[in-house]
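Single-letter residue listing:
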Amino acid sequence: MYRVFEALDELVTIVEEARGVPMTSGCVVPRGDVLELLDDVRDAIPAELDDAQDVLDHKDELVGKAKHDAEAGVSKARADAERMLAEAQAEAEAMLSDARARAERMIAEAEDQAERTVAAGRQEYDDLVGRSHSEAERMIQAGRANYERATEDGRAEQARLVNEQEVVRAAHAESARILDAAQSESIRLRSECDAYVDGKLADFEDLLAHTLRSVGKGRSHLRGPAVAGASAPFDYGA
(Lines give C-alpha, C1' and ligand atoms only; values in the text may rest on other atoms or scores of the structure.)
Protein backbone atom coordinates (compact mmCIF):
# COMPACT_ATOMS: atom_id res chain seq x y z
CA MET A 1 0.00 0.00 0.00
CA TYR A 2 2.93 2.34 0.62
CA ARG A 3 3.99 1.90 -3.05
CA VAL A 4 0.44 2.75 -4.17
CA PHE A 5 0.48 6.06 -2.34
CA GLU A 6 4.03 6.80 -3.53
CA ALA A 7 3.06 6.19 -7.18
CA LEU A 8 -0.04 8.34 -6.80
CA ASP A 9 2.09 11.14 -5.40
CA GLU A 10 4.44 10.88 -8.40
CA LEU A 11 1.49 10.99 -10.80
CA VAL A 12 0.20 14.11 -9.08
CA THR A 13 3.66 15.72 -9.38
CA ILE A 14 3.89 14.84 -13.10
CA VAL A 15 0.47 16.35 -13.78
CA GLU A 16 1.27 19.48 -11.78
CA GLU A 17 4.63 20.00 -13.57
CA ALA A 18 3.34 19.08 -17.04
CA ARG A 19 3.47 21.67 -19.79
CA GLY A 20 0.07 23.16 -20.45
CA VAL A 21 -1.67 23.27 -23.84
CA PRO A 22 -2.34 26.87 -24.86
CA MET A 23 -5.93 28.03 -24.79
CA THR A 24 -7.05 24.84 -22.94
CA SER A 25 -7.01 23.37 -19.45
CA GLY A 26 -5.15 20.31 -20.74
CA CYS A 27 -1.49 19.48 -20.38
CA VAL A 28 1.16 17.31 -21.99
CA VAL A 29 2.45 14.47 -19.82
CA PRO A 30 5.04 11.81 -20.54
CA ARG A 31 2.98 8.77 -21.47
CA GLY A 32 5.64 6.21 -20.63
CA ASP A 33 6.19 7.54 -17.12
CA VAL A 34 2.46 7.67 -16.40
CA LEU A 35 1.85 4.16 -17.70
CA GLU A 36 4.76 2.85 -15.67
CA LEU A 37 3.42 4.47 -12.54
CA LEU A 38 -0.08 3.08 -13.24
CA ASP A 39 1.41 -0.39 -13.63
CA ASP A 40 3.15 0.04 -10.29
CA VAL A 41 -0.16 1.06 -8.73
CA ARG A 42 -1.92 -1.92 -10.27
CA ASP A 43 0.72 -4.32 -9.02
CA ALA A 44 0.80 -2.77 -5.57
CA ILE A 45 -3.00 -2.92 -4.99
CA PRO A 46 -3.68 -5.75 -2.43
CA ALA A 47 -5.68 -8.80 -3.49
CA GLU A 48 -8.16 -8.00 -0.70
CA LEU A 49 -9.48 -5.10 -2.76
CA ASP A 50 -10.35 -7.50 -5.57
CA ASP A 51 -12.05 -9.74 -3.04
CA ALA A 52 -13.91 -6.75 -1.68
CA GLN A 53 -15.03 -5.85 -5.18
CA ASP A 54 -16.22 -9.39 -5.69
CA VAL A 55 -18.21 -9.09 -2.50
CA LEU A 56 -19.72 -5.83 -3.70
CA ASP A 57 -20.54 -7.38 -7.05
CA HIS A 58 -22.34 -10.28 -5.33
CA LYS A 59 -23.82 -8.32 -2.43
CA ASP A 60 -27.42 -8.75 -3.62
CA GLU A 61 -26.93 -12.49 -3.88
CA LEU A 62 -25.30 -12.65 -0.44
CA VAL A 63 -27.96 -10.45 1.15
CA GLY A 64 -30.71 -12.59 -0.43
CA LYS A 65 -29.09 -15.79 0.81
CA ALA A 66 -28.67 -14.32 4.32
CA LYS A 67 -32.30 -13.17 4.30
CA HIS A 68 -33.43 -16.61 3.15
CA ASP A 69 -31.37 -18.29 5.87
CA ALA A 70 -32.79 -15.87 8.45
CA GLU A 71 -36.36 -16.54 7.32
CA ALA A 72 -35.73 -20.28 7.40
CA GLY A 73 -34.32 -19.97 10.92
CA VAL A 74 -37.32 -17.90 12.05
CA SER A 75 -39.74 -20.42 10.49
CA LYS A 76 -37.97 -23.31 12.19
CA ALA A 77 -37.94 -21.47 15.52
CA ARG A 78 -41.65 -20.66 15.15
CA ALA A 79 -42.45 -24.29 14.29
CA ASP A 80 -40.40 -25.51 17.28
CA ALA A 81 -42.18 -23.01 19.54
CA GLU A 82 -45.61 -24.09 18.29
CA ARG A 83 -44.69 -27.76 18.70
CA MET A 84 -43.40 -27.18 22.25
CA LEU A 85 -46.53 -25.15 23.09
CA ALA A 86 -48.78 -27.91 21.74
CA GLU A 87 -46.88 -30.53 23.75
CA ALA A 88 -47.09 -28.38 26.90
CA GLN A 89 -50.82 -27.84 26.39
CA ALA A 90 -51.39 -31.56 25.85
CA GLU A 91 -49.40 -32.40 28.97
CA ALA A 92 -51.29 -29.76 30.97
CA GLU A 93 -54.64 -31.11 29.79
CA ALA A 94 -53.58 -34.66 30.66
CA MET A 95 -52.47 -33.63 34.15
CA LEU A 96 -55.66 -31.59 34.65
CA SER A 97 -57.77 -34.57 33.58
CA ASP A 98 -55.85 -36.84 35.94
CA ALA A 99 -56.30 -34.36 38.81
CA ARG A 100 -60.02 -34.14 38.13
CA ALA A 101 -60.30 -37.94 38.04
CA ARG A 102 -58.47 -38.22 41.37
CA ALA A 103 -60.69 -35.53 42.92
CA GLU A 104 -63.86 -37.24 41.67
CA ARG A 105 -62.60 -40.59 42.96
CA MET A 106 -61.84 -39.10 46.39
CA ILE A 107 -65.27 -37.42 46.51
CA ALA A 108 -66.95 -40.70 45.55
CA GLU A 109 -65.02 -42.53 48.26
CA ALA A 110 -65.96 -39.86 50.82
CA GLU A 111 -69.62 -40.05 49.82
CA ASP A 112 -69.52 -43.85 50.00
CA GLN A 113 -67.94 -43.66 53.44
CA ALA A 114 -70.60 -41.18 54.54
CA GLU A 115 -73.35 -43.45 53.24
CA ARG A 116 -71.85 -46.42 55.09
CA THR A 117 -71.60 -44.33 58.27
CA VAL A 118 -75.20 -43.18 57.95
CA ALA A 119 -76.36 -46.74 57.25
CA ALA A 120 -74.47 -48.00 60.29
CA GLY A 121 -75.99 -45.22 62.37
CA ARG A 122 -79.46 -46.07 61.16
CA GLN A 123 -78.90 -49.74 61.95
CA GLU A 124 -77.67 -48.84 65.42
CA TYR A 125 -80.68 -46.55 65.83
CA ASP A 126 -83.06 -49.33 64.79
CA ASP A 127 -81.35 -51.78 67.15
CA LEU A 128 -81.46 -49.28 69.99
CA VAL A 129 -85.12 -48.50 69.40
CA GLY A 130 -85.92 -52.22 69.20
CA ARG A 131 -84.09 -52.93 72.46
CA SER A 132 -85.76 -49.94 74.09
CA HIS A 133 -89.21 -51.09 72.99
CA SER A 134 -88.46 -54.61 74.22
CA GLU A 135 -87.25 -53.27 77.57
CA ALA A 136 -90.28 -51.01 77.88
CA GLU A 137 -92.62 -53.85 77.03
CA ARG A 138 -90.90 -56.09 79.59
CA MET A 139 -91.17 -53.44 82.27
CA ILE A 140 -94.83 -52.80 81.42
CA GLN A 141 -95.58 -56.54 81.55
CA ALA A 142 -93.80 -56.76 84.90
CA GLY A 143 -95.87 -53.82 86.17
CA ARG A 144 -99.05 -55.42 84.94
CA ALA A 145 -98.11 -58.74 86.54
CA ASN A 146 -97.41 -56.98 89.86
CA TYR A 147 -100.68 -55.12 89.51
CA GLU A 148 -102.64 -58.30 88.78
CA ARG A 149 -100.90 -60.19 91.56
CA ALA A 150 -101.63 -57.42 94.03
CA THR A 151 -105.23 -57.29 92.82
CA GLU A 152 -105.61 -61.03 93.27
CA ASP A 153 -104.07 -60.80 96.73
CA GLY A 154 -106.47 -58.00 97.57
CA ARG A 155 -109.42 -59.91 96.28
CA ALA A 156 -108.45 -63.04 98.19
CA GLU A 157 -107.98 -61.05 101.34
CA GLN A 158 -111.32 -59.33 100.75
CA ALA A 159 -113.07 -62.70 100.29
CA ARG A 160 -111.49 -64.04 103.44
CA LEU A 161 -112.70 -61.07 105.49
CA VAL A 162 -116.07 -60.65 103.78
CA ASN A 163 -118.02 -61.29 106.95
CA GLU A 164 -116.16 -58.73 109.05
CA GLN A 165 -117.22 -55.16 108.24
CA GLU A 166 -114.21 -53.31 109.57
CA VAL A 167 -111.88 -55.82 108.11
CA VAL A 168 -113.74 -55.54 104.83
CA ARG A 169 -113.32 -51.74 104.80
CA ALA A 170 -109.67 -52.17 105.61
CA ALA A 171 -109.36 -54.69 102.81
CA HIS A 172 -110.99 -52.27 100.39
CA ALA A 173 -108.63 -49.50 101.47
CA GLU A 174 -105.60 -51.81 101.15
CA SER A 175 -106.79 -53.01 97.77
CA ALA A 176 -107.22 -49.42 96.55
CA ARG A 177 -103.77 -48.55 97.91
CA ILE A 178 -102.22 -51.53 96.17
CA LEU A 179 -103.96 -50.63 92.91
CA ASP A 180 -102.77 -47.02 93.16
CA ALA A 181 -99.24 -48.17 93.94
CA ALA A 182 -99.26 -50.56 90.99
CA GLN A 183 -100.48 -47.82 88.64
CA SER A 184 -97.87 -45.37 89.98
CA GLU A 185 -95.15 -47.99 89.52
CA SER A 186 -96.32 -48.64 85.98
CA ILE A 187 -96.27 -44.88 85.19
CA ARG A 188 -92.80 -44.53 86.75
CA LEU A 189 -91.44 -47.47 84.74
CA ARG A 190 -92.87 -46.02 81.50
CA SER A 191 -91.32 -42.60 82.25
CA GLU A 192 -87.91 -44.15 82.92
CA CYS A 193 -88.16 -46.15 79.69
CA ASP A 194 -89.04 -43.02 77.68
CA ALA A 195 -86.15 -41.10 79.25
CA TYR A 196 -83.74 -43.94 78.49
CA VAL A 197 -84.82 -44.10 74.84
CA ASP A 198 -84.66 -40.28 74.48
CA GLY A 199 -81.10 -40.21 75.90
CA LYS A 200 -79.92 -42.92 73.50
CA LEU A 201 -81.52 -41.13 70.55
CA ALA A 202 -79.84 -37.83 71.57
CA ASP A 203 -76.42 -39.56 71.68
CA PHE A 204 -77.02 -41.06 68.23
CA GLU A 205 -78.11 -37.64 66.89
CA ASP A 206 -74.84 -36.05 68.11
CA LEU A 207 -72.79 -38.87 66.51
CA LEU A 208 -74.61 -38.54 63.18
CA ALA A 209 -74.24 -34.70 63.15
CA HIS A 210 -70.48 -34.99 63.83
CA THR A 211 -70.10 -37.55 61.01
CA LEU A 212 -71.98 -35.34 58.52
CA ARG A 213 -69.85 -32.29 59.47
CA SER A 214 -66.68 -34.32 58.88
CA VAL A 215 -67.94 -35.44 55.47
CA GLY A 216 -68.87 -31.83 54.55
CA LYS A 217 -65.41 -30.56 55.52
CA GLY A 218 -63.77 -33.31 53.48
CA ARG A 219 -65.80 -32.44 50.38
CA SER A 220 -65.08 -28.70 50.79
CA HIS A 221 -61.36 -29.46 51.10
CA LEU A 222 -61.46 -31.58 47.93
CA ARG A 223 -63.30 -28.92 45.89
CA GLY A 224 -60.90 -26.05 46.85
CA PRO A 225 -57.64 -27.07 45.01
CA ALA A 226 -59.48 -28.25 41.97
CA VAL A 227 -61.07 -24.79 41.29
CA ALA A 228 -57.88 -22.90 42.04
CA GLY A 229 -55.83 -25.12 39.72
CA ALA A 230 -58.27 -24.63 36.75
CA SER A 231 -57.99 -20.76 36.70
CA ALA A 232 -54.14 -20.54 36.45
CA PRO A 233 -51.62 -21.72 33.75
CA PHE A 234 -51.48 -24.94 35.75
CA ASP A 235 -48.54 -25.06 38.16
CA TYR A 236 -47.39 -28.70 38.03
CA GLY A 237 -44.98 -28.23 40.91
CA ALA A 238 -47.93 -27.73 43.27
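Residues numbered from 1 in each chain as written. Predicted model: local features only at pLDDT ≥ 70, side-chain atom pairs only at ≥ 80, totals over all residues. Heavy atoms only, no water.

1. Thoughts on the pattern of salt bridges
For the structure shown, the criterion picks out nine salt bridges. Its salt-bridge partner being K65, residue D69 comes within 3.2 Å of it at the nearest N-O pair. With a gap of four residues between them, D69 and K65 both fall in helix α4 (residues 59-160), about one helical turn apart. By relative accessible area, which is 40% here, D69 ends up partly exposed. Between R188 and E192 there is a salt bridge whose closest N-O contact spans 2.4 Å. You can see R188 and its partner E192 sitting in helix α5 (residues 165-231), four residues apart, about one turn around the helix. Taken together, the shared-partner salt bridges in this structure form one network comprising E185, R188 and E192. (Salt bridge = Lys/Arg side-chain N within 4 Å of Asp/Glu carboxyl O. Helix = DSSP H or I, 4+ residues; strand = E, 2+ residues; numbered from the N terminus. Buried < 20%, exposed > 50% of the residue type's maximum accessible area, 1.4 Å probe, protein only.)

2. Digging into the nonpolar core
The biggest cluster of nonpolar side chains holds eight residues, and these are V4, A7, L11, I14, V34, L37, V41 and A44. If you list the elements that add at least two residues to this core, you get α1 (2-17) and α2 (31-44). (Core = buried A, V, L, I, M, F, W, Y, C linked by side-chain atoms within 4.5 Å.)

3. A few points about the environment of T117
Mapped onto the fold, T117 is located in helix α4. A relative accessible area of 25% places T117 in the partly exposed class. Sequence separation between T117 and L212 is 95 residues; the distance between their C-alpha atoms is 9.0 Å.

4. Focus on the confidence of the model for the protein chain
Mean pLDDT over the protein chain stands at 78; residues scoring 70 or higher make up 83%. Throughout residues 230-238 the model reports pLDDT below 50, and contacts reaching past four residues in sequence, or to other chains, amount to seven contacts. (pLDDT = per-residue confidence, 0-100. Contact = heavy atoms within 4.5 Å.)

5. Quick notes on α2
Taking 1.5 Å per residue as the helical rise, α2 with its 14 residues ought to reach 20 Å, and the 20 Å between its terminal C-alpha atoms agrees with that figure. V34, L37, V41 and A44 are the residues of α2 that are buried. One face of α2 carries all of its buried residues, which in axial projection span an arc of 95°. Set apart from the buried face of α2 by more than 90 degrees, the exposed residues are R31, R42 and D43. (Expected span 1.5 Å × (residues − 1). Arc of directions from axis to C-beta.)

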